[in-house]
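Observations on the three-dimensional arrangement
These are the residues of each chain, in order.
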Amino acid sequence: MKKKPVDQLSPRVARAEHALLGAEIAAHDRAYYQDDAPTISDADYDALRRRYNALEEQFPELLTAHSLSAKVGAAPSQKFAKVRHSVAMLSLGNVFADEEVYEFVARVKRFLGLAEDAPLAFVAEPKIDGLSCSLRYERGALVQAATRGDGFEGEDVTANVRTLADAPKHLRGDAPAALDVRGEVYMRHEDFKTLNLRQAEAGKPLYANPRNAAAGSLRQLDAAITASRNLHFFAYTWGEASELPAQTQTGMLAFFEKAGLPVNPLAKRCANADEMIAHYRLIEQKRATLGYDIDGVVYKVDDIGLQNRLGFASRAPRWAVAHKFPAERATTILRDIEIQVGRTGALTPVARLDPVTVGGVVVQNATLHNEDEIARKDIRIGDTVVVQRAGDVIPQVVEALLDKRPANAMPYAFPHICPACGSAALREMDESGAADVVRRCTGGLICPAQAVERLKHFCSRLAMDIEGLGDRQIELFYKQGIVKNPADIFTLQKRSARGAFDLTRWEGFGETSVRNLFVAIEAARKPALNRFIYALGVRRIGETNARRLARHFGSFEALRAAALTDDGLAEINAIDGVGAVVAEAVVDFFREAHNETVLDELLAEVAPQPMEAVAASSPVAGKTVVFTGSLERLTRDEAKAQAERFGAKVAGSVSKKTDLVVAGPGAGSKLAKAEELGIEVISEDDWFKRTGQE
DNA sequence: TCCCCTCGAGTTCA
DNA sequence: CTCGAGGGGA
């Protein structure tokens, strides 16, 4: 059915269609997000969405009728219980080039204090493109299975995993009292094909790729459906274990195999980087004939003792890395370049593309990063461009194909005024005269785009976490003029009661949802100090720096008072991890006259909670430690990593700020200095005892 | 002064 | 998830 262009509709017809579309999209959203069973194709869904948005653009009054917005991205499915992983399921670092593999090996050796040419064995195994799962075995019996989730908490899919032939109910032979077996649930190509044929016959939607099919099949309410999907499993690592049956990765794989768990046959022990890369090439060659999807090769240090010594950097283990196959690419036409204005005024160019499938996903937008990026790649509107999904997720424009460029294509002129408020958009210079890569709107307080983005940030999950005040609601409230700054959120109810406006008459805000919104707002009146500081959106103050400030000052008043004095600037600057630039940003924020007013208004409504004193969770927390002499059980890097894990700060030299010196044999001047200053000196063994490691 | 790591900010899609 | 830049150790 061909629909009339939106600009030919009467407002009445538009309203009716908008309402119908809203209901339809909401139903699809529910099917997709909550039931894991999309009822239409992505393309059809996108068409509905586009039409819906076009209606709103043409008839802005429809924005008040937003029954849809409240539901999008709403609470995840409740049908699976949550499972907390006792050992987190982390992701891996990625490398793409051979060169980086050599660097990885060198980095590992350096951390372990090994010579460059010292022997060190790794295991190389295919990286299966499925979904990670943790299978808990107690006394050899499968008792629970959980998805990865966010790495810390997943979903309980025990009933479904029990239907997998690859997941034995009982392990063969001797098994530890408790063992989390981890691996990948995946679907083979032939099963994927059969499944989609069946879906098509039943008039059901097709799965985009085997991974989605595996994910959709595992997260079924009815385990009988999972059983019919013929999912497979490879074991390749473990989480919590009462005891380990082996001391190496290869040993563990052998144990898995003996216990009746499938292990990928292409896992191979390699003596050095050259062998690892050779095995990568071999796997790459076999990729097409494996019968299942893989997206790279994983290298792990074989020795588990060494794995433990290496430990984890912030997000990923130091002892493993994924060598990814080159990202899949596609070509499409760049129709337009749109400029978005961020909370800090940053102008970000986004490419609007003709829809194209890349790696099983339809891509229509891709970030172009910044002005220089567009110029460097000489990307022009109308160009045929190559698109890839970086790290498998974020689409990016790789290059423009010059031989397909339309003759009239002009170099892209990046706007020098803000598209939202018309203010000049400038690139800040640092002292050396180098221009910042980002061009920023200077409209600051008068720019509506920045104001809205700041409000969204204020309400967001990691900040004030006000449920019911999502992006759409904030845009609406701002547009309607009832929320202009953060304090306005907290006076909504009062003003509503006075009859300044009636939310319940705005479609999409029934009495219940308005009541819930007000409850959520009330609940946000006593935020944790760190969240409150983060919510203010001070430049350069993200989650971590906000926490550092909160911990140091303990109360908002203390922070604010300090920011207004010169000594305060120095004090902020002295906080570990906070330097001159960040301290300056904090002080600038509090000294801005408009911010003072906004803060006063906000603090009349909200009481950020003082922080409890920094928890002394370990005996060395908060202490400054110096390691000296030759350590026999730890390398310097390890010692440092350990100390930081226990909340201590590591310094390179002994001063009166030092709390503890850990001295090995041969300690010289540092030890003497420590004794001179009367600082406590302990041995390496004492360190292990002190930190409760033995 | 250089280099490495961490942090902030911005973004996509399903 | 990635890029750029700040912070801090060498």
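In the block above lies the structure referred to throughout.
A brief look at the structure comes next. Computed from a predicted structure; not experimentally measured. (Residues numbered from 1 in each chain as written. Chains lettered and ligands numbered in written order. Predicted model: local features only at pLDDT ≥ 70, side-chain atom pairs only at ≥ 80, totals over all residues. Heavy atoms only, no water.)

**Brief notes about the packing of helix H18 (residues 556-563) against helix H19 (residues 566-574)**
Threshold: For helices, the axis comes from a line fit to the C-alpha atoms of the stretch in contact; other axes are also lines fit to C-alpha atoms, and the angle between any two N-to-C directions lies between 0 and 180 degrees. Secondary structure elements are taken from DSSP: a helix is a run of H or I of four residues or more, a strand is a run of E of two residues or more, and numbering for both begins at the N terminus. Throughout, a contact is declared for two residues whenever any of their heavy atoms are within 4.5 Å.
Where H18 contacts H19, the axes come no closer than 6 Å and their chain directions differ by 115 degrees. Taking contact as the criterion, the partners of Leu559, Ala562 and Ala563 in H18 are, on H19, Gly568, Leu569, Glu571 and Ile572.

**Here we look at the pairing of strand S19 (residues 624-628)**
What counts is decided by this rule: The cut-offs for exposure are 20% and 50% of the maximum accessible area for each residue type, with area from a 1.4 Å probe on protein chains only; residues under the lower value are buried, those over the upper are exposed, and the others partly exposed. For two strands to be treated as a pair, DSSP must find at least two bridges joining them.
Extensive coverage of S19 is indicated by the burial of 5 of its 5 residues. Every second residue of S19 is oriented toward a common face, with Thr624, Val626 and Thr628 on one face and Val625 and Phe627 on the other, all of them buried. In this structure, S19 lies alongside strand S21 (residues 660-663), joined through 4 bridges in parallel fashion. Looking at S21, one finds that Val626 is bridged to Val661.

**Regarding helix H15 (residues 511-523)**
To keep things clear, this is the line we draw: Expected span of a helix: the number of residues minus one, times 1.5 Å. It is the directions from the helix axis to the C-beta atoms that the arc portrays.
Along its 13 residues, H15 runs 18 Å from first to last C-alpha, staying within 8% of the 18 Å computed at 1.5 Å per residue. Those residues of H15 that fall on the buried side of the exposure criterion are Val514, Leu517, Phe518, Ala520 and Ile521. Viewed end-on, H15 has its buried residues packed into an arc of 160 degrees, placing them on one side of the element. Turned more than 90 degrees away from the buried face of H15, the exposed residues are Glu511, Val519 and Ala523. Residues of H15 that are buried sit in contact with helix H13 (471-479) and helix H14 (486-497).

**Considerations on the side chain of Arg439**
Basically, it comes down to this: For this analysis, a polar contact is any N or O atom pair within 3.5 Å, provided that within protein one partner can donate a hydrogen and the other can accept it, and provided that sequence-adjacent residues contribute only side-chain to side-chain pairs.
With respect to the helices, strands and loops of the structure, Arg439 is situated in strand S18 (residues 435-441). One polar contact links Arg439 to Glu371, side chain to side chain, over a distance of 2.9 Å. Those residues in contact with Arg439 that sit more than four places away from it in its chain are Gly345, Ala346, Leu347, Glu371, Phe414, Pro415, His416, Ala425, Leu426 and Arg427.

**Structural notes on helix H5 (residues 189-201)**
Over its 13 residues, H5 runs 18 Å from end to end, which matches the ideal 18 Å to within 8%, given 1.5 Å per residue. Inspection of H5 places Asp191, Phe192, Leu195, Asn196 and Gln199 among the buried residues, and these make up the whole buried set. Down the axis of H5, the sector holding all buried residues measures 130 degrees, keeping them to one side. Turned more than 90 degrees from where H5 packs its buried face, Lys193, Leu197 and Glu201 sit exposed. Buried positions along H5 lie against helix H6 (210-218) and strand S8 (232-241). Trailing H5 by a residue or two, Gly203 shows a phi angle of about 70 degrees, which is positive.

**Notes on the sheet that holds strand S9 (residues 268-270)**
Remark on secondary structure: sheet strands pair via backbone hydrogen bonds, oriented parallel or antiparallel. Taking strand neighbours across the sheet as the criterion, the 5 strands line up as S2-S11-S10-S3-S9 in an open arrangement whose pairing is mixed. Two strands lie at the open edges of the sheet, namely strand S2 (93-95) and S9, each paired on one side alone. Taken over all neighbouring pairs, the strand axes of this sheet differ in orientation by 35 degrees on average, direction set aside. In the sheet, S2 pairs with strand S11 (residues 320-324) via 3 bridges, with the strands oriented parallel. When the bridges of S11 are listed, Asn94 appears paired with Ala322. Contacts from helix H3 (residues 98-112) reach S2, strand S3 (122-128), strand S10 (294-301) and S11, with the element oriented near 175 degrees to S11.

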